[in-house]
Each structure stands twice: as structure tokens, then as C-alpha cells.
Amino acid sequence: MKYVFFDIECACVYKCVAKICAFGYVVTDENYNVLAKEDILVNPKGKFHLTDRKGGQGIVLPYEYSEFTSRPLFPKEYPKIKALLEDKDAIVLGHATLNDVNYLNLETRRYRLPSFRFEYLDTQFFYMNVVGDYAHQIGLGGMAEKLNVDFVPHRAADDAYATMRVCEALCKRENTDVKGLVERYKIRAGKLNNYKIRVPDSAGLQNYYRERERIRAKRAKAREEFYRFVNKHNNRKRKAQGGAYDGKVFCFAKEIENDVPCSVKLLGAIYASGGKYTSHPQECDVYVAHETGGVRYDHAVDSGAVFMPFTEIVASLDGMQ
């Protein structure tokens, strides 16, 4: 069994276009002995428009751009790349592999070539399963740093080599191999076939989704309960209270609203002191939060509201000591 680690660089990436300019790969045996390493440079047939993942500051590829114009177009290199990725005796891996698989898909469509057909694994996804953190995606540089692997970024073959090294280091740390990681964390490989992409999956990721949905539903239920209380009291005709907060309109930070037992008790005391409540921070006189900062805080303060720390309003209201 062989491992094929690959990485792709593009001259530009848009929603439905990814003009590949470099396909880097490293082929190893199961002991990570390098059998082949190469950068396949491709004429992207278009201008270079290089940006970071957020579409901002441009990245710099460690090539002379003149190197690409004399290279063949993607269809010329397609058979070689296809043979590498569809080798039945190889396991294909990358880092954040879904991006590169999507680039391959877009290029085959662009040149009306047959779809690639292969399964792939992802060292980034391996790491997410190992550490149990599915909410954050660690970049190759960050993962290499954590595993003490050095590499030169954005040369495709070197990125592929670094991917191989972080995979080796991760397997060593986990005292297993690639197949062992797949079995241990119940990982399903991603797949590209007939221009359709299946993303990698795992038991841990599915548990994460279920827990996230449970928390979302619990939060939604809490907010429904809170706003039911608010609407009930806002719609109630009340005589002028003459209390400490008579006529003042309050708004809470989301985390306070979501703590229903606390927020309802606090709001009850505010109503008893003549205050009112709004869910719109732009309409309040007093914004209550544990600390400054955040979008709701900015909206409130920019509209003239006074910030009041949670501890301060608790201490000022009878029954909230």
C-alpha cells in the first residue's frame, strides 16, 4: 500500500472557477519513505489573482510567474494526475483536502474532462478527531508547528511533503497508522465521483452536530420563554410606578437573556421599579452586560444608551442581592 499526499495552488479562485497552476505530490510507502516528489506546474490560462482565505491580502507563491506560461495546460497533465489519485494501491491524503478536491472538480468541468474518481482522507480532519475539536480548523502551518514539522508554505510539493510529515507525526503520537486512525475514530473518507463531492465524516463529528443542535434547541426554548415573559409584561397596562428605573428602557446581552431563571428574576425587579424592556439595543436607555464589547453593545452605546455592568444592576435592585 502507498500513500499519495497532494496539494494544489491556484492562480485564482472564484465561486465557480479555480485555475490550477501547481499540483504538488509526494508518494511514500507505508513507512513514509519517499518514493516520488514533484511539482507539476500548469499554465492556468488566465491572470493571477492571489488572496488569502478571507479574500484579503494576497499570498506570494515561491515561483517565478514566468515559469507557468511555458507549461502545458491542465488537460495535458490531467492523465498523470488522474493516475496518481486513482491508483488502487494508494491511499490519497491532503490537508483541508476538500478545497483541493473542489479545485480539481472545477478544472475538469472547465475543460470538459471526465470527472476524477477517488476517495480521500484529510490530515486536518484527523487532527480535529484526535483533539475532539470540530469547531476550529487548524491550518497546515499551525498543525506542523504543534507537531514540530518544518516546511516552506505555498510550494505545492513542499506543502504535500509537510502534510505527509504531520500525518506521520500524528500517527506516531497516536501509536497507530492511517488505517488505525480511520478505525479508531470511525472516519469515513471523502469521495469525488461523477463531479459530486462527498465530504469526510466521522462518529465524533456526528456527535458534535447532535450536541450543537441540542444546545441550539435549548437556547431557542430559553429565548422563547424569556420573550414570552417580556411580552406579557410589556403588554400589561401598568400605573406609573415612580420607582428607581421609572420610564427607563433596558436591554440585556444575549448571554443574560439566555440564562432564563436569572434574566426573568432580574427583569421582574426592573418592571417592579418602573422600567421597561426591549430586545433592540438601539432602542434602550440602559444596556446590561457582564462586560463591554460586542455588536449589541456597540449598537446600544452608539444610540446613546448607558452601559451598566450586570453586577451593578443586581446590587441596585431589591431582592437581587
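Relevant structure appears above.
Residues numbered from 1 in each chain as written. Predicted model: local features only at pLDDT ≥ 70, side-chain atom pairs only at ≥ 80, totals over all residues. Heavy atoms only, no water.

### With respect to the overall build of the protein
Here is step 1 of the chain: Scanning the protein from terminus to terminus reveals 12 helices and 13 strands.
Here is step 2 of the chain: Relative to the compact-globule value of 20 Å for 321 residues, the protein shows a C-alpha radius of gyration of 28 Å, a clear excess of over 25%.
Here is step 3 of the chain: Taken along the three principal axes of its C-alpha coordinates, the protein extends 80 × 45 × 35 Å.
Here is step 4 of the chain: Restricting to contacts in the protein with at least 6 residues of sequence separation, those with at least 24 account for 68%. (Helix = DSSP H or I, 4+ residues; strand = E, 2+ residues; numbered from the N terminus. Rg over C-alpha atoms; globule rule 2.2 N^0.38 Å. Contact = heavy atoms within 4.5 Å.)

### Some words on the layout of surface pockets
Here is step 1 of the chain: One number sums up the size of the second largest pocket: a volume of about 390 Å³.
Here is step 2 of the chain: Lining the second largest pocket are 21 residues, and of these Leu85, Ala90, Phe118, Glu119 and Tyr120 lie nearest its centre.
Here is step 3 of the chain: If you list the elements that add at least two residues to the lining of the second largest pocket, you get strand 4 (90-94), strand 5 (118-122), helix 7 (178-184), strand 6 (187-188) and strand 7 (190-193).
Here is step 4 of the chain: Of all the elements, strand 5 adds the most residues to the lining of the second largest pocket, at 4 residues. (1 Å grid on protein atoms, 1.4 Å probe; cavity = no way out; pocket = protein on both sides within 12 Å on 5 of 7 lines; lining within 4 Å. Points joined across faces, edges and corners; volume = space filled by probe spheres on them.)

### Observations regarding the sheet that holds strand 10 (residues 249-252)
Here is step 1 of the chain: Ordered by their spatial adjacency, 4 strands build an open sheet running 11-10-12-13, and the pairing between neighbours is parallel. Either end of the sheet is taken by a strand with one partner, and the two such strands are strand 11 (276-277) and strand 13 (306-309).
Here is step 2 of the chain: When strand 12 (residues 286-289) meets strand 13, the two strands line up parallel, connected through 4 bridges. If you follow valine 286 over to strand 13, its bridge partner there is valine 306. (Pairing = 2+ DSSP bridges.)

### Examining the pattern of salt bridges
Two side chains bearing opposite charge may form a pair once their charged atoms approach each other closely.
Here is step 1 of the chain: The tally for this structure, following the rule as stated, stands at 14 salt bridges.
Here is step 2 of the chain: Note that aspartate 158 and arginine 155 form a salt bridge whose closest N and O atoms lie 3.8 Å from each other.
Here is step 3 of the chain: Judged by relative accessible area, which is 29%, arginine 155 ranks as partly exposed.
Here is step 4 of the chain: Glutamate 211 is the partner of arginine 214 in a salt bridge, and the nearest nitrogen-oxygen pair spans 2.6 Å. One end of the pair is arginine 214 and the other is glutamate 211, both in helix 8 (residues 203-234) and 3 residues apart, which spans about a single turn.
Here is step 5 of the chain: Several salt bridges converge on common partners, so that one network encompasses Lys37, Arg155 and Asp158. (Salt bridge = Lys/Arg side-chain N within 4 Å of Asp/Glu carboxyl O. Buried < 20%, exposed > 50% of the residue type's maximum accessible area, 1.4 Å probe, protein only.)

### A short note on the packing of aromatic side chains
Here is step 1 of the chain: One pass over the structure, following the stated rule, counts 19 aromatic pairs.
Here is step 2 of the chain: Centroid distance phenylalanine 226 to tyrosine 227: 5.2 Å. Interplanar angle 75°. Geometry classified as edge-to-face.
Here is step 3 of the chain: Classification of phenylalanine 226 by relative accessible area gives buried; the value is 0%.
Here is step 4 of the chain: Centre to centre, the rings of tyrosine 297 and phenylalanine 307 are 5.6 Å apart; their planes meet at 80°, and the pair counts as edge-to-face. Pair noted here: tyrosine 297 is in helix 11 (residues 295-302) and phenylalanine 307 is in strand 13, with a separation of 10 residues, a long-range link.
Here is step 5 of the chain: Assessed through its relative accessible area of 17%, tyrosine 297 is described here as buried.
Here is step 6 of the chain: The exposure class of phenylalanine 307 is partly exposed, given its relative accessible area of 24%. (Phe/Tyr/Trp six-rings, centres within 6.5 Å; stacked < 30°, edge-to-face > 60°.)

### Focus: the pairing of strand 10
Here is step 1 of the chain: Every second residue of strand 10 is oriented toward a common face, with Val249 and Cys251 on one face and Phe250 and Phe252 on the other, all of them buried.
Here is step 2 of the chain: Pairing of strand 10 with strand 11 involves 2 bridges; the strand directions are parallel. From the neighbouring strand, phenylalanine 250 faces strand 11, where its bridge partner is tyrosine 277.
Here is step 3 of the chain: By the bridge criterion, 3 bridges tie strand 10 to strand 12 in an arrangement that is parallel. When the sheet's bridge partners are listed, phenylalanine 250 is paired in strand 12 with valine 286.

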